[in-house]
Amino acid sequence: MARVMNFNAGPAALPLAALERAQKELIDFAGTGMSVMEHSHRGKAYEAVHNEAIGLVKELYGVPDNYDILLLQGGASQQFATVPMNFLPPGKSADYVLTGVWAQKAYKEAKTLGTPRVAANTERDQRCTRVPKQAELDLDPNAAYVHITTNNTIFGTQWHQIPNTGSVPLVADMSSDIMWRPEDVSKFGMIYAGAQKNLGPSGLVLVILRKDLVAAGRKDIPVIFQYRTHAETNSLYHTPPTFAIYMLRNVLDEVKRAGGLSAMEKLNREKATVLYDALDARADSFTCPVEKDSRSVMNVVFTLKTPELEAEFLAEAQKRGMVGLKGHRLVGGMRASIYNSVPFEAVSSLADFVLNFKK
Ligand SMILES: *Cc1c(COP(=O)(O)O)cnc(C)c1O
């Protein structure tokens, strides 16, 4: 049975070695006579995996000591609500930068709790084909925080320059590009990401949060939604998604073996370059709607001239073992998600296919 070339947007491709390790360890984890899934989350065997996963995040991302690393549930979508629950008290405002569907959803949740402001919006005039420049951001110096989506998974845009928000904490939904490259984590008050794009399986959310913000969060909301609850218990307040965390450990261990995040960045840039170059070379047939300096290194969005040609492209790709290329229903066309775990060979096969499609 051959593995396909998986361009799914999320859940998405995982490193083969991380899966094979799980397969090998599935029924007898570390000589304990049971699967890691069957262990108590309070036992030593699981605890070691839990701490190794958190340790790998800290080591690979260079997370400073004044940040907590939390492993939570409820998807990135739950963070859309828990961020304002914790950090948007009555009478305060928070700034949201609207660059696509996920940013809009985060903003909507904040509106149910308070009065967020829109600091910039590339939906109205640019139909999400770019992210704003620093100079376009209308930032309120008294905002509780500024929220951005670093990579817009559906529209295929990405912030290549992290905006400067001064002393106002920057909160970033990094669900689809977390750890795609080394990052200066200290630029952020909070980073959150659903694991199922760049880190592991679904069911797990990684949160990296400055300790002073954890401490300043509201205390008059249910304890399960307070970040301090999870920070004070090493994310073991209640049963965590143990198998998903085990897989995060496996995936990050592969990232480390591959040379860490600088190696990831080099690989990701090579993958994006080979694919965008092929699409640009075939501008006779293919269109990339995203402005060049906002092009995502993770989600490559493109179209053909008619729906019939697009259907043909997808069917032909499938025959060649390339799956997951259909664009999001809101945008149409095609989308190749080329996250950390998608091998260069898969992307270069897709690029060759683009170069030769109906020439
Ligand atoms: C996928 C995605 C989400 C939603 O994640 P869930 O874990 O399904 O809630 C949010 N934001 C971004 C940028 C995404 O790519």
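Residues numbered from 1 in each chain as written. Predicted model: local features only at pLDDT ≥ 70, side-chain atom pairs only at ≥ 80, totals over all residues. Heavy atoms only, no water.

Enquirer: What should I look at first to understand the pattern of salt bridges in this one?
Expert: It is possible for side chains of opposite charge to pair when their charged atoms get near one another. Following the criterion strictly, the structure yields 24 salt bridges and no others. We note a salt bridge from Arg117 to Asp138, for which the minimum N-O separation is 2.8 Å. Of this pair, Arg117 sits in strand S4 (residues 117-121) while Asp138 is found in the loop between S4 and strand S5 (146-149), placing the two residues 21 residues apart along the sequence. Note on Arg117: relative accessible area 25%, which makes it partly exposed. Judged by its relative accessible area of 42%, Asp138 is partly exposed. Note that Glu136 is salt-bridged to Arg130, the shortest N-O span being 2.8 Å. (Salt bridge = Lys/Arg side-chain N within 4 Å of Asp/Glu carboxyl O. Helix = DSSP H or I, 4+ residues; strand = E, 2+ residues; numbered from the N terminus. Buried < 20%, exposed > 50% of the residue type's maximum accessible area, 1.4 Å probe, protein only.)

Enquirer: Looking at this structure, I do not really get the domain arrangement of the protein. What am I missing?
Expert: A common way to state how big an interface is: give the accessible area lost once the parts meet. Segmenting the protein into domains produces domain 1 (16-257) and domain 2 (260-356). Facing the 25 residues of domain 1 at the interface are 25 residues of domain 2. For the domain 1 face of the interface with domain 2, the top three residues by lost area are Ile154, Trp180 and Val255, together amounting to 26%. Taken together, the connections running from domain 1 to domain 2 amount to 1 salt bridge. Residues Arg130 and Glu291 are paired through a salt bridge, measuring 3.9 Å at the closest nitrogen-oxygen approach. Between domain 1 and domain 2 we count 13 residue pairs in polar contact (both at pLDDT 80 or more) in total. (Domains from an automatic or database assignment. Contact = heavy atoms within 4.5 Å. Buried area = accessible area lost by both parts, 1.4 Å probe. Polar contact = N/O pair within 3.5 Å; in protein donor to acceptor, adjacent residues only side chain to side chain.)

Enquirer: Which parts of the structure should I look at to understand the site of the ligand?
Expert: Taken together, the neighbourhood of the ligand is formed by 13 residues, with Ser77, Thr153, Asp173, Gln196 and Lys197 sitting nearest. At 3.0 Å, a backbone N or O of Ala76 approaches an oxygen atom of the ligand. The contact in question runs from an oxygen atom of the ligand to an N or O atom on the side chain of Thr153, over 2.4 Å. A total of 390 Å² of accessible area belongs to the ligand in isolation, and the protein chains cover 86% of it. The element that contributes the greatest number of residues to the shell around the ligand is helix H3 (residues 75-87), accounting for 4 residues. (Near = heavy atom within 4 Å. Areas by Shrake-Rupley, 256 points an atom, 1.4 Å probe, with all protein chains shown as cover.)

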